[in-house]
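If you want the building blocks of each chain, they are given just below.
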Amino acid sequence: MGSPPPAPRLLGLLLLLGVPRPLRGHTGFLPASIRASGPLASAALLGAPEDAAVSLSLLQDQAGSLPVPTCGERNNDTGDWSLTVTPNVNAWDVTVRLKRAPPACSSHRTGPFPEAPCIVQTLLVSASHNATCFAQLLIQVEIYANSSLAQSAPENVTAIPDQVHQPLGPCPCNLTAGACDVRCCCDQECSPDATQLFRGACFAGVFGGDVSPPFDQLCSVQRAPGAPGWFPFLCVQSSPTNSPFLGYFHRGAVSSGQPTTFAPYLHADPKDMSDLGYKQGDPVMTAAQAYLTVPQVTLAGQCVRDAPVGFLQNFDVRCVTDLDAYQEPGSAPDAGIKAGTVGGVVIPHVTYEEAADPGQVVTGTETLLPPGSAPRNVTVEGHYLFRWNNRTISEVHVRIVRARLHAHQTGTLTQRFTVRFLSHNSGPGEERSGNPGYQLGRPVRALRAGRSDPAAALSLWQPAGRGLCASAPLRPVLFGENVLSGCLLEVGIDENCTRLRDKAAGILDSLIQATHVAARGNSGYGDRSDGWLEIVTARDTGAGPAGGRGNGVCEEVPARLHVRILTWEAGAVEGVPQQEILGVEKRVSSVTWRPQCGLTCEQAGLFALSASVQFIQVPARRPRPLTRFQVNSTEYNCDRNDVCWPQLLYPWTRHYRGEPYARCVAKGLLLAAFSVVAVLLSDPWTRARRA
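As a starting point, this report considers the structure included with it. These figures come from a predicted structure and were not determined experimentally.

### Some words on the overall build of the chain
Logical step 1: Looking only at helices and strands, the chain has 7 helices and 32 strands in total.
Logical step 2: The contacts of the chain with a sequence gap of at least 6 include a subset with a gap of at least 24, amounting to 64%.
Logical step 3: Summed over all atoms, the accessible surface of the chain reaches about 43,000 Å², with 54% contributed by carbon and sulfur.

Put into structure tokens, the structure is as follows:
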């Protein structure tokens, strides 16, 4: 059962207070009376004239009863209270605030429970116009000793845990700061009279404050029934404060807050390891011991201007820049690049071109270059081509496309930047994915047999626009990345089932236009025997005879394409693992399509197609089969149980590296001696000696 919503409760409160009248156009305070337990109280004055006056007075109660508030009798003595009036559009905000801290009062009083309040006062806020009182607000203040106002805490402090060798936080049931928690007998904020009310129902155990209970292994604990006979000999002699609950609860220390800064941390000295050769993902270094930077897009969609270029990491990004804050992106195009050998530097070959139509990349402007204006050149495109050989860079080609704009041109500029890494012996259109093994994130190489140009690709849909298959762009399948994509096919209500199956099958087949896949990243297209594997087509075992049920229902419509690629680690070249492909299988599963209609079926429906790629890592060596003992005796399996008996003597083997072997042997012999003594002092030997 939850609490009722606040709106009905507020409406009921307004009805009880009799304040709906101001809501109908009359004047008055909303609410008309307030019972305050803190140093602040606020209300709204509705329908007040612009020249109305609001005053505050302190009422003196007599014989425990409040006097009838009247506007005629004014007491200018407001005591420790101040009045603030803020005019708004439809109402005035009236705030009454205590000007100073209340007098200190102890929460441990001798009076009966509940404790008496420290401050009991009655305030009257009056609104008058032309010496006539038209609204009154009655405020009754009761501030108790356990109020949060009495707990004056310093500002700009942070409570941090400071763990010491004792149970931190000796009273876990103390959940409310500055107030007494019922049934929490260890709460120091409860007066003796308040604790006496629930003394017989206190919380027990650790939650109730018993944070240092004696544990069973202590010698001071009496021997429990069923305890072994050697318990007095192997018990633990320890202080009661050394509890297993150490660290469970925290007693915080108060320390001043440290100023924090949100400035990004920048590496002053880039880490340069290029003299020993690059590895995939290492930043490309310039001859000036700096990172080669090209604008890139983060996962959040933001464009980073000075992002380092990673070795063997291709990208094609677009960045939108405001022309008012335009700066030349990245590093200088003609900066020397470290080749990856000691002292080796590659000078990029840079070519500049003029943009054919600057209006396609500049938006939000009318004139690009009016007659007689001062021009300026901006970079529209930047294309970087790296030739790599093993772990070095042999050539760098940079093509910069510029546009001439007005010096004070405004608007936005869309820039494009591409980075490609090609092998040193690959042709202009040939791009390898590793040498010899595949590099993570590189396209899976494929070919189609029986064509003059055998190069092909494995593709997936890329989300764009409405997600329709007719307009969805394609992206290559990257090695090591499991992907699930899909698109929507528009289908008419009276669509022929045979034509729908052919259309769906044609769209799915367009993703896999290859018959073979390269086992290695550097397999050549000219030689079929150079590590090319045929793609295996598996049939859908759940497929039945194709047909139609009528009323727009079509059975066995191809809808899902599953591609599974088996990979393995074939070895290592200079310490770098080489990943290869063992086999590729594709499978197309079918579904039954039914049009999703509302009241009528007059519009075309959408049929969802999906494609998934899964990479499965196969171990290089066949795992050892389990023995019959390992299969049947699962209690001795170290992978399934916390207690591992086969590794009982592991600390005395050469595989244990926790401490020196000689020390382990010495401790083992000492433990064996203690075990022999414990056996000799056990009950069977004692009875035999007495006999």
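### Observations regarding the state of the cysteines
Logical step 1: Counted by the stated rule, this structure contains 7 disulfides.
Logical step 2: Here Cys171 pairs with Cys186 through a disulfide, and the sulfurs are 2.0 Å apart. Linking Cys171 and Cys186, the disulfide has an S-S dihedral of approximately 80° and is accordingly described as right-handed. Of the two residues, Cys171 is situated in the loop between strand S9 (157-161) and helix H3 (192-197) and Cys186 in the loop between S9 and H3; the sequence distance between them amounts to 15 residues. As far as the burial class goes, Cys171 and Cys186 line up, both buried.

### A word on the layout of surface pockets
Logical step 1: The volume enclosed by the largest pocket comes to roughly 700 Å³.
Logical step 2: Around the largest pocket sit 27 residues that line it, and Asn314, Phe315, Asp316, Pro476 and Leu478 are the ones nearest its centre.
Logical step 3: Looking at which element gives the most residues to the lining of the largest pocket, the answer is strand S20 (residues 412-423), with 4 residues.
Logical step 4: Taken together, the residues of the lining of the largest pocket break down into 13 nonpolar, 7 polar and 7 charged.
Logical step 5: No fewer than three residues from each of domain 3 (276-366 + 374-423) and domain 4 (442-539 + 555-594 + 603-617) sit in the lining of the largest pocket.

### Let's talk about the pairing of strand S31 (residues 576-593)
Consecutive side chains along a regular strand alternate between the two faces of the sheet.
Logical step 1: Pairing of strand S28 (residues 536-538) with S31 involves 3 bridges; the strand directions are parallel. Pairing of Thr537 across the sheet is with Lys586, part of S31.
Logical step 2: Where strand S30 (residues 553-573) and S31 come together, 16 bridges link them in antiparallel fashion. Looking at S31, one finds that Pro558 is bridged to Ser590.
Logical step 3: Connecting S30 to the next strand, S31, in antiparallel fashion are 2 residues, including Glu574 with a positive phi near 55°.

### A word on a nonpolar patch on the surface
Logical step 1: Where nonpolar side chains cluster on the molecular surface, the patch consists of Val676, Val677, Leu680 and Leu681 and spans about 350 Å² of accessible area.
Logical step 2: Mapped onto the elements of the fold, Leu681 is located in the loop between helix H6 (661-680) and helix H7 (683-690).

### Section: the sheet that holds strand S1 (residues 28-30)
Logical step 1: Ordered by their spatial adjacency, 4 strands build an open sheet running S1-S3-S6-S5, and the pairing between neighbours is antiparallel. Single-partner strands in this sheet number two, and they are S1 and strand S5 (81-87). Taking each pair of neighbouring strands and ignoring which way they run, the sheet shows an average axis angle of 30°.
Logical step 2: Judged from the 3 bridges that link them, S1 and strand S3 (residues 40-46) form a sheet pairing that is antiparallel. Across the sheet, the residue bridging to Phe29 is Leu45, located in S3.

### Side note on unusual backbone geometry
Logical step 1: Look at the link from Leu30 to Pro31: it is a cis peptide, with omega at 0°.
Logical step 2: Checked against the element boundaries, Pro31 lands in the loop between S1 and strand S2 (33-36).
Logical step 3: The backbone of Gln289 sits at a positive phi, close to 60°, despite the residue not being glycine.
Logical step 4: On the secondary structure map, Gln289 appears in the loop between strand S10 (252-256) and strand S11 (296-297).
Logical step 5: Non-glycine residue Glu556 carries a positive phi angle of around 55°.
Logical step 6: Here Glu556 is to be found in strand S30.

### Re the nonpolar core
Logical step 1: With 43 residues, the main nonpolar core has Val444, Leu458, Trp461, Val517, Ile581, Phe607 and Leu609 as its most contacted residues.
Logical step 2: Secondary structure elements with two or more residues in this core: strand S21 (445-447), strand S23 (459-461), strand S25 (483-491), helix H4 (497-509), strand S26 (516-518), S30, S31 and strand S32 (605-617).
Logical step 3: Looking at which element gives the most residues to this core, the answer is S30, with 6 residues.
Logical step 4: The contact partners of Val517, leaving out residues within four places of it in the chain, are Val444, Arg445, Ala446, Leu458, Gly531, Trp532, Leu533, Ile535, Ile581 and Val584.
Logical step 5: Grouped together as the second largest cluster of nonpolar side chains are 23 residues, Leu292, Ile337, Tyr384 and Phe386 included.

### What about the packing of aromatic side chains?
Logical step 1: With the rule as written, the count across this model stands at 7 aromatic pairs.
Logical step 2: For the pair Tyr278 and Phe311, a centre-to-centre distance of 5.2 Å together with 20° between the ring planes defines the contact as stacked. One end of the pair, Tyr278, is in the loop between S10 and S11; the other, Phe311, is in the loop between strand S12 (303-304) and strand S13 (315-322), with 33 residues separating them in the sequence.
Logical step 3: With relative accessibility at 1%, the residue Phe311 sits in the buried group.
Logical step 4: Here Tyr525 and Trp532 contribute two aromatic rings whose centre-to-centre distance is 5.4 Å and whose plane-to-plane angle is 35°, an arrangement assigned as tilted.
Logical step 5: You can call Tyr525 partly exposed: its relative accessible area is 23%.
Logical step 6: Given the relative accessible area of 9%, Trp532 is considered buried.
Logical step 7: Of the aromatic side chains, those joined through ring pairs into one cluster are Tyr278, Phe311, Phe386 and Phe421.
Logical step 8: Above the ring of Phe203, the side-chain terminus of Arg183 is found at 4.5 Å from the ring centroid.

Cut-offs used in this document
- Residues numbered from 1 in each chain as written.
- Predicted model: local features only at pLDDT ≥ 70, side-chain atom pairs only at ≥ 80, totals over all residues.
- Heavy atoms only, no water.
- Helix = DSSP H or I, 4+ residues; strand = E, 2+ residues; numbered from the N terminus.
- Contact = heavy atoms within 4.5 Å.
- Areas by Shrake-Rupley, 256 points an atom, 1.4 Å probe, with all protein chains shown as cover.
- Disulfide = S-S within 2.5 Å.
- Buried < 20%, exposed > 50% of the residue type's maximum accessible area, 1.4 Å probe, protein only.
- 1 Å grid on protein atoms, 1.4 Å probe; cavity = no way out; pocket = protein on both sides within 12 Å on 5 of 7 lines; lining within 4 Å.
- Points joined across faces, edges and corners; volume = space filled by probe spheres on them.
- Nonpolar A, V, L, I, M, F, W, Y, C, P; charged D, E, K, R; others polar.
- Domains from an automatic or database assignment.
- Pairing = 2+ DSSP bridges.
- Patch = residues over 30% accessible without salt bridge, like charges linked within 9 Å, V, L, I, M, F, W, Y side chains within 5 Å.
- Salt bridge = Lys/Arg side-chain N within 4 Å of Asp/Glu carboxyl O.
- Axes fitted to C-alpha atoms, helices over the stretch in contact; angles between N-to-C directions.
- Core = buried A, V, L, I, M, F, W, Y, C linked by side-chain atoms within 4.5 Å.
- Phe/Tyr/Trp six-rings, centres within 6.5 Å; stacked < 30°, edge-to-face > 60°.
- Lys NZ or Arg CZ within 6 Å of the ring centre and 35° of its normal.

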